[in-house]
Amino acid sequence: MPLPETPSKKQLAWLVLNQEIRSLLLSPALWIMLIIVSLLVGYSFIQAVDLFSQASRTALSFPEMASGMNPLEGIFVPTFGAYYLSQTLLLPFVAIRLIGLDKQSGALKLLLQLPLSPFALCGLKLVAMGIVWLASLLPAALALIVWNNLGGHIYPPEIITLLAGHGLYSLTVICIAMFAATISDSLPTAAMFCLAATLGSWVLDFAASSQNGLLGTLGSLSLTNMLRQFESGLLSMTHVISFFSLGLLFFLLTVIWLHPGKRSLLKSGKSLAALLVLALVVSATQKVPQFMDVTENKRHSLNPADSRALQKLDKPLTITIHLDPQDSRLLDLKHDLLAKLARSVPTMHVKYAQTQSTGLFSASEDDNYGLIEYEYNGHHDKNYSNSQNEILPIIYNLAGLQVTPDSVAVYGGHPLVADATGSRLWFHIFLPLLFLCGALLAHRGKL
Amino acid sequence: MPELRVIGINKRFGTYQALSNVSFTVAPGEILGLIGPNGAGKSTLLECIAGLLPADSGTIKWQDRPLSLEERKQILWYQPDNILPFAEQRVAATLSFFRQIHGVSSKDLAQLVDELELPPMLAKPLKDLSKGYRRRVLLALALLSPQPLLMLDEPFDGFDLRQSLAVMDLLRDCRTGRTIILSIHQLSEAEKICDRFLLLDQSCVLGIGTLDELRKQSGLSTREGLEEVFLAIT
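Now for a description of the structure that goes with this document. Keep in mind the model is a prediction, meaning the values are calculated, not measured.

1. A short note on the environment of Gly-74 of chain A
Residue and element names in this part refer to chain A.
So, point 1. With respect to the secondary-structure elements, Gly-74 resides in helix α3 (residues 71-89).
So, point 2. Owing to a relative accessible area of 22%, Gly-74 belongs among the partly exposed residues under this scheme.
So, point 3. A C-alpha to C-alpha distance of 9.8 Å links Gly-74 and Pro-415, two positions 341 residues apart in sequence.
So, point 4. Those residues in contact with Gly-74 that sit more than four places away from it in its chain are Ala-48 and Phe-52.

2. Some remarks on the sheet that holds strand β4 (residues 348-352) of chain A
Residues and elements named next belong to chain A.
So, point 1. Ordered by their spatial adjacency, 4 strands build an open sheet running β4-β3-β5-β6, and the pairing between neighbours is mixed. Edge positions in the sheet fall to β4 and β6 (379-383), since each has one partner strand and no second. Across the sheet, the axes of successive neighbouring strands diverge by a mean angle of 15°, strand direction being ignored.
So, point 2. Looking at chain direction, strand β3 (residues 317-321) and strand β5 (residues 372-376) are connected through 5 bridges and run antiparallel. Note on β5: the bridge partner recorded for Thr-320 is Glu-373.
So, point 3. Most of the contacts of helix α15 (residues 328-344) go to β4, to which it runs at about 160°, and overall it touches β3, β4 and β5.

3. A few points about the interface of chain A and chain B
So, point 1. On the chain B side, the residues contacting the 36 residues of chain A number 35 residues.
So, point 2. Carbon and sulfur atoms supply 63% of the area that chain A and chain B bury against each other, a total of about 3,100 Å² over both sides.
So, point 3. Run the count over chain A and chain B and you get 2 salt bridges.
So, point 4. For Arg-97 of chain A, the salt bridge identified is with Glu-88 of chain B, shortest N-O distance 3.0 Å.
So, point 5. The set of elements that each furnish at least two residues to the side of chain A that touches chain B consists of α1 (9-25), α4 (91-105) and α5 (107-111) of chain A.
So, point 6. Tallying contributions element by element places α1 of chain A first for the side of chain A that touches chain B, with 6 residues.
So, point 7. Partitioning the side of chain A that touches chain B into residue classes produces 17 nonpolar, 11 polar and 8 charged.

4. With respect to the pairing of strand β4 (residues 57-62) of chain B
All names here are of chain B.
So, point 1. Examined bridge by bridge, strand β1 (residues 4-13) and β4 share 5 bridges and lie antiparallel to one another. Across the sheet, Asn-10 pairs through a bridge with Ser-57, a residue of β4.
So, point 2. Pairing geometry for β4 and strand β5 (residues 65-66), over 2 bridges, is antiparallel. Residue pairing in the sheet places Trp-62 in a bridge with Arg-65 of β5.
So, point 3. Counted along the chain from β4 to the antiparallel partner β5, the turn is 2 residues long, and its residue Gln-63 has a positive phi close to 50°.

Analysis parameters
Residues numbered from 1 in each chain as written. Chains lettered and ligands numbered in written order. Predicted model: local features only at pLDDT ≥ 70, side-chain atom pairs only at ≥ 80, totals over all residues. Heavy atoms only, no water. Helix = DSSP H or I, 4+ residues; strand = E, 2+ residues; numbered from the N terminus. Buried < 20%, exposed > 50% of the residue type's maximum accessible area, 1.4 Å probe, protein only. Contact = heavy atoms within 4.5 Å. Pairing = 2+ DSSP bridges. Axes fitted to C-alpha atoms, helices over the stretch in contact; angles between N-to-C directions. Buried area = accessible area lost by both parts, 1.4 Å probe. Salt bridge = Lys/Arg side-chain N within 4 Å of Asp/Glu carboxyl O. Nonpolar A, V, L, I, M, F, W, Y, C, P; charged D, E, K, R; others polar.

Structure representation (structure tokens):
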């Protein structure tokens, strides 16, 4: 046999990528996931349109209610909720095969002898999975088309942000699955490890949803909570980088632990270094928080004039709240104002006074219960209101500011009465059939 | 000058010593047989040389230059035993993948496929093949590799006598410019194809040399075969 000419790195990468895609297409788990996603997205979308239409009927009669009708929260977040389910429960079973099957079959021993670094090999596997993930967005694309044809409103920045959130969530789940497969001896063990991570994160978010302290902090780091930021349309640089870093960490751990020819001590050292570097990056981003409100009605932002004024506060603003952590007034206050203030005021401290309510309809033993105290530059004021319209003037008064709000266009909402049940055929019959045909073609080597 | 020099390889799995101070050399173009019973450490040794297992100590040199993990990819190809790579894909697709990876022409692949009598199996997934055909596919994958050192783990396992002889002819054909290390537990096959033998048992090298040299070492006459030599030495 004459001495062959070996392919370039680029050609090699292309060949391996094709091979990885071929392997994925032969995976029954992938096609089962795609069919289930199609059914779930269809169900969620049709239900969401139905509920949105019911609310829109009222909003069309009472225009002042229409401002609450935004398609992101009403249609797209519930529709993409189907992806959250599949990414949490089904995607790990597809992603685990990327490495687990190669380990089990011995193919990994051959792949590791190719002139590709473990980083490149894992990267190509990730790209292959990314292409498959894009295919899984077909039902979502169909939902967008149907919504558009029904006359529904689409605000692209919101959709792109939502997609980015699900992309990062999927990336993290895939990287966790790859790492689980790398360190596990069998596919079932890897699946258990990965599900423990994704479902554990889900449970953590649920348990910590209304808690302060350590549990609350841990809950804010859960995958579910990170995804929620994207669903709300508020992009925080810290969250984006934390989310990406978490995926990157598991990817790097996979790269580090993939090659069986390297010593465990060396791998442990590299893993620790990766963890430290990424922790430093995340903590550095927390020092300079940046936010972007991508919602059409800028519901996460104060009036631009208020934001500009609050950014000028050069002394710390301290707010002491006499409310129980479970009190709905506190939850409203946090959501409606404190979060917006935190994004505008350069230095703000929020303190929670030791207090507790005695029941929904009982009088509190503490006379201060419900009180909110404000302190700025040695001046104090207090109030029982949790309304933005009353609190902002207090703060401006303490700081000696006069603020005239900018005139902004009033968001009228996008109420729509529509019927999406006609699309059921597409989601429940045509798309699943399409995926089934894809599975058969792949099985016959024609895809 | 030897092509490959393995110096003082030690490997331990917990308290079990799998390889104990294993050293040997292989000359250019030579076929060296690693001989030993199951569990002697043959596969572990090959994996340590290939860099797929970290040796606790020892050095691998190629043409008197220590080999890093990256350099080993250019110098050697190791075909493990008992693997079923890309089992769900058609044999043709897997062979084509490795053909392109190694830059081999379609014509050369077709010739190799013919020599291994694989054409009827090309459209089937590897997992659906019999043990013998799986072996042939794995052998084809190994023979497609261009590296100057080829290491095969149990290449004759699953073949009948006629098939083994055909495979030996193939290996002899491909040895031009290549050095080959075969891990074999069937001594009759090893005797037919290998130039020298490394006898491995219970993690230690018990002897290395040609059959004549090993006969002398064990004090046996020239009529005795490798089996008798192996039994005498172990």
